[in-house]
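Given next are the chains, with one letter for each unit.
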Amino acid sequence: MGAGLDQAGVSWVIRQVLDWHNLSGPYPDVPDVETAVRVTRDGTHLLFLLNHNAEPVELVARAGGVDLLTDQRVRIGQIIRLDARGVMVLRQ
């Protein structure tokens, strides 16, 4: 019987599937920050960012839009801060 995939192999497969369907989001390289991109029926792109860390995380915005939770405008290149276990939802 062949060996199964290790965690790195599983992560690689998941990244390939997400990339193929354009769902990986702009932060696949940032540990403990989960991203998901969803497109609504009217074509609006929503970017979900979730910080799984117990500490705040600062990121350079790779996408712009309006944070639906705070109504603040986010510009590409701007430093954004996700609180510990924090969430941001950008309407792009």
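Presented here is a report on the structure given in the accompanying data block. (Residues numbered from 1 in each chain as written. Predicted model: local features only at pLDDT ≥ 70, side-chain atom pairs only at ≥ 80, totals over all residues. Heavy atoms only, no water.)

### Here we look at the pairing of strand β7 (residues 87-91)
Along any regular strand, the residues point their side chains to alternate faces of the sheet. Looking at chain direction, strand β2 (residues 45-51) and β7 are connected through five bridges and run antiparallel. Across the sheet, L50 pairs through a bridge with V87, a residue of β7. As paired elements, strand β4 (residues 65-67) and β7 share two bridges and run antiparallel to each other. Bridge assignment links D67 to a residue of β7, and that residue is L90. (Pairing = 2+ DSSP bridges. Helix = DSSP H or I, 4+ residues; strand = E, 2+ residues; numbered from the N terminus.)

### Observations concerning the nonpolar core
Core analysis: the biggest nonpolar cluster contains 15 residues, and Y27, L49, L59, I80 and M88 have the highest contact counts within it. Those elements that provide at least two residues to this core are β1 (33-39), β2, β3 (57-60), β6 (79-82) and β7. With residues near it in sequence (within four places) discarded, Y27 still touches V33, T35, L49, L59, V60, A61, R62 and I80. (Core = buried A, V, L, I, M, F, W, Y, C linked by side-chain atoms within 4.5 Å. Buried < 20%, exposed > 50% of the residue type's maximum accessible area, 1.4 Å probe, protein only. Contact = heavy atoms within 4.5 Å.)

### What to know about unusual backbone geometry
Of note, the phi angle at D71 is positive, near 65 degrees, even though the residue is not glycine. Mapped onto the secondary structure, D71 falls in the loop between β4 and β5 (73-74).

### Considerations on the sheet that holds β4
Note: strands within a sheet are paired through backbone hydrogen bonds, in either parallel or antiparallel orientation. As summarised here, the arrangement of the five strands in space is β1-β2-β7-β4-β5, forming an open sheet in which the pairing is antiparallel. Each end of this open sheet is capped by a strand with a single partner; those strands are β1 and β5. Alignment of β1 against β2, held across seven bridges, turns out to be antiparallel. Counted as the bridge partner of V39 is H45 from β2.

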